[in-house]
There are 2 protein chains.
Amino acid sequence: MALRRDAQRNRERILSAAHEVFAARGFAATLDDVAHHAGVGVGTVYRRFPTKEELIEAVFTDRLEDLVTLAEEALAAPSAWEGLTGFLRTSARWHAADRGLRDAALSMDEQHFTTASEQIVPLLEQIMERAHAEGTLRADAGFHDFPIIMAMVTELAQHSADCRPGLYERYLELVIDGLRARPDNGSLGHAPTDTDIRAVMRQCVPPLRPSRT
Amino acid sequence: MALRRDAQRNRERILSAAHEVFAARGFAATLDDVAHHAGVGVGTVYRRFPTKEELIEAVFTDRLEDLVTLAEEALAAPSAWEGLTGFLRTSARWHAADRGLRDAALSMDEQHFTTASEQIVPLLEQIMERAHAEGTLRADAGFHDFPIIMAMVTELAQHSADCRPGLYERYLELVIDGLRARPDNGSLGHAPTDTDIRAVMRQCVPPLRPSRT
DNA sequence: GCAGAAGTTGAGGAATCCCCTCCACTTAGT
DNA sequence: ACTAAGTGGAGGGGATTCCTCAACTTCTGC
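Residues numbered from 1 in each chain as written. Chains lettered and ligands numbered in written order. Predicted model: local features only at pLDDT ≥ 70, side-chain atom pairs only at ≥ 80, totals over all residues. Heavy atoms only, no water.

1. Examining the overall build of chain A
Thinking step 1. Counting its regular elements, chain A contains 10 helices and zero strands.
Thinking step 2. In chain A, the succession of helices and strands from N to C terminus is α-α-α-α-α-α-α-α-α-α.
Thinking step 3. Taken over the C-alpha atoms alone, chain A extends approximately 65 × 35 × 35 Å along its principal axes.
Thinking step 4. For chain A, buried positions account for 48% of its 213 residues.
Thinking step 5. Taken as a whole, chain A presents about 10500 Å² of accessible surface, with 52% of it coming from carbon and sulfur.
Thinking step 6. Charge-centre separation for chain A: the mean point of 24 positive side chains lies 8 Å from the mean point of 32 negative side chains. (Helix = DSSP H or I, 4+ residues; strand = E, 2+ residues; numbered from the N terminus. Buried < 20%, exposed > 50% of the residue type's maximum accessible area, 1.4 Å probe, protein only. Areas by Shrake-Rupley, 256 points an atom, 1.4 Å probe, with all protein chains shown as cover. Lys, Arg positive; Asp, Glu negative; His and termini not counted. Charge placed at Lys NZ, Arg CZ, Asp CG, Glu CD.)

Structure, rendered in structure tokens:
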């Protein structure tokens, strides 16, 4: 059953407003905000998207897939190092510019996470392997470091978004220089496990709903 | 006018409980928590420390001064590089182990900030200068990077505190390797200004009180 | 036009959270 | 034993946010 024409138009307004509002304030933004931004009442938002989660999914599914495409492109870069650092820089820029995207990437539930992982983890592994083979990436860094580095740098990006949007880039460059293979690098110790990564990711995003402690 | 003996004992219990509770959960911990932990009623806490701020100040003033001492010791290290990295590692360890200390360091009001800055900024400058002179620190890193690096790394430390307390060390080492002077380092771009640093610091700690937006 | 289905609205219900107050009650100390 | 000091903890007050609902408006097919 197709939507009435005005309802369809409102649906699109809501999606577009949600994208804007979430981009600026992350999932902490309220649906009242989204409604106001879209020029409709809250009730309309809830009629179209019964829960906040469903609205979020409708807004960010595509954007998350763009990240997979980005990883694929990184593998096709002229050199492994360019591919690796290009992926870090571009995905950091995307996450910095769209807090909602970051929150979406970090707060996926188990099901979404599994699906996404199956797509992107093999790509990250290949990106890292290729750089190891090239000899440009330090041997003790692995693909497990990707999500943690991203979480760390983009968190800084959020904190400085209002005063100086590009500040995070400086510290990403610092980390990138730390990732280069060097004869006299220090040692990094144990890499994070998948469990660690999941736990850190969860900690990086505030719960959608008042926490049940 | 001296406190009654039981009141004195309770005051100490409160301070010690506050330290524990803030160390574990940061300033987000409630005074009800502190009271419960101390085995006293909330009323007792408020009788001794009229506001949350005053309790925090009573608990953390000394610990903040320890950081100044640490910076002084860093200047006396055998090499500039050892001093610099030792200071980063130790202060990161302190902040990682005591979330309250981190919150205190990041959320000082203007008055405390000014006082503290006057003490520690000259030390950080000297630590950095010494390392520049030694030739071990990359030329485009400055003392302004200290607080940002600390904020970034200790935030990760908080996020992984429950699952893997030492995880942050790996990424601190990565950053430290990125700080080394190298012929082929990338360039870092603009250093943060004092204003940027203050803004990022504020963003790193949730407001003590419900925000007035 | 018009009937009725579909859609809209926004105040407010319900749940949480947390700082802090208040006052009936207890205890230390002379 | 008396009094001043101290204590406890329910609850006031203010904030936040998700979501509902009943009265109202607009679209659409006939």
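2. Details of the environment of leucine 137 of chain A
All names here are of chain A.
Thinking step 1. Topologically, leucine 137 is positioned in the loop between helix H7 (110–134) and helix H8 (145–160).
Thinking step 2. Judged by relative accessible area, which is 3%, leucine 137 ranks as buried.
Thinking step 3. It is 7.3 Å that separates the C-alpha atoms of leucine 137 and tryptophan 81, two residues lying 56 residues apart in sequence.
Thinking step 4. Once residues lying within four places of it in the same chain are set aside, the contact partners of leucine 137 are Trp81, Leu84, Met128, Ala131, His132, Leu179 and Ala181. (Contact = heavy atoms within 4.5 Å.)

3. Looking at the protein's contact with DNA strand D
Thinking step 1. Taken together, 23 residues sit near DNA strand D, with Lys52 of chain A together with Arg4, Asn10, Gly43 and Thr44 of chain B positioned nearest.
Thinking step 2. Within 4 Å of the protein, the contacting atoms of DNA strand D are 70% sugar and phosphate, with bases supplying the remainder.
Thinking step 3. One of the side-chain nitrogen or oxygen atoms of arginine 4 of chain B is found 2.7 Å away from a base nitrogen of DNA strand D.
Thinking step 4. One of the side-chain N or O atoms of arginine 47 of chain B is found 3.3 Å from a phosphate oxygen in DNA strand D.
Thinking step 5. Put simply, the parts of the chain that give the surface near DNA strand D at least two residues each are helix H1 (5–25) and helix H2 (31–38) of chain A together with helix H1 (5–25) and helix H3 (42–48) of chain B.
Thinking step 6. When residues of the surface near DNA strand D are assigned to their parent elements, the largest contribution, five residues, is made by H3 of chain B.
Thinking step 7. Looking at the surface near DNA strand D residue by residue, the classes come out as six nonpolar, seven polar and 10 charged. (Near = heavy atom within 4 Å. Polar contact = N/O pair within 3.5 Å; in protein donor to acceptor, adjacent residues only side chain to side chain. Nonpolar A, V, L, I, M, F, W, Y, C, P; charged D, E, K, R; others polar.)

4. Overview of the interface of chain A and chain B
Thinking step 1. In this complex, chain A contributes 42 residues to the contact, which on the side of chain B involves 42 residues.
Thinking step 2. Carbon and sulfur atoms make up 56% of the area that chain A and chain B hide from each other, which totals about 3600 Å².
Thinking step 3. Contact with chain B buries area across many residues of chain A, yet His159, Arg170 and Leu174 of chain A alone supply 21% of it, more than any other trio.
Thinking step 4. Scanning the region where chain A abuts chain B turns up eight salt bridges.
Thinking step 5. Among the salt bridges present, the one from aspartate 145 of chain B reaches arginine 170 of chain A, with a minimum N-O distance of 2.8 Å.
Thinking step 6. Here chain A is connected to chain B by 24 residue pairs in polar contact (both at pLDDT 80 or more).
Thinking step 7. Elements supplying a minimum of two residues to the side of chain A that touches chain B: H8, helix H9 (167–179) and helix H10 (194–204) of chain A.
Thinking step 8. At nine residues, H9 of chain A tops the list of elements feeding residues into the side of chain A that touches chain B.
Thinking step 9. Broken down by class, the residue content of the side of chain A that touches chain B amounts to 17 nonpolar, 12 polar and 13 charged. (Buried area = accessible area lost by both parts, 1.4 Å probe. Salt bridge = Lys/Arg side-chain N within 4 Å of Asp/Glu carboxyl O.)

5. Considering the packing of aromatic side chains
Thinking step 1. As enumerated under the stated definition, the model contains eight aromatic pairs over all chains in all.
Thinking step 2. Taking the centre distance of 5.9 Å and the plane angle of 55 degrees together, the rings of phenylalanine 27 of chain B and phenylalanine 60 of chain B count as tilted. Linking phenylalanine 27 of chain B in the loop between H1 and helix H2 (31–38) with phenylalanine 60 of chain B in helix H4 (residues 52–75), this pair joins segments that are 33 residues apart in sequence.
Thinking step 3. By relative accessible area, phenylalanine 27 of chain B is classed as buried at 4%.
Thinking step 4. The buried category is assigned to phenylalanine 60 of chain B, whose relative accessible area is 1%.
Thinking step 5. Both rings, one in phenylalanine 87 of chain B and one in phenylalanine 146 of chain B, keep their centres 5.4 Å apart while their planes meet at 90 degrees; by these two values the pair is edge-to-face. One end of the pair, phenylalanine 87 of chain B, is in helix H5 (residues 80–97); the other, phenylalanine 146 of chain B, is in helix H8 (residues 145–160), and 59 residues separate them in sequence. Both residues of the pair, phenylalanine 87 of chain B and phenylalanine 146 of chain B, count as buried.
Thinking step 6. Three or more aromatic residues joined by ring pairs make a cluster, and in this case those are Phe22, Phe27 and Phe60 of chain A.
Thinking step 7. Geometry around tryptophan 94 of chain A places arginine 63 of chain A over its ring, the cationic atom sitting 5.9 Å from the centre. (Phe/Tyr/Trp six-rings, centres within 6.5 Å; stacked < 30°, edge-to-face > 60°. Lys NZ or Arg CZ within 6 Å of the ring centre and 35° of its normal.)

6. A few points about helix H10 (residues 194–204) of chain B
Thinking step 1. Every buried residue of H10 of chain B is listed here: Asp196, Ile197, Arg198, Ala199, Val200, Met201 and Cys204 of chain B.
Thinking step 2. The elements touched by buried residues of H10 of chain B are H8 and H9 of chain A together with helix H6 (99–106), helix H7 (110–134) and H8 of chain B.

7. Overview of the UniProt feature "DNA-binding region" (unreviewed entry) in chain A
Thinking step 1. Look at the UniProt record and you will see "DNA-binding region" (unreviewed entry) annotated at residues 30–49 of chain A.
Thinking step 2. With 75% helix and 0% strand, the stretch residues 30–49 of chain A has end C-alpha atoms that lie 13 Å from each other. (UniProt positions renumbered as here; feature names shortened; annotations may be inferred.)

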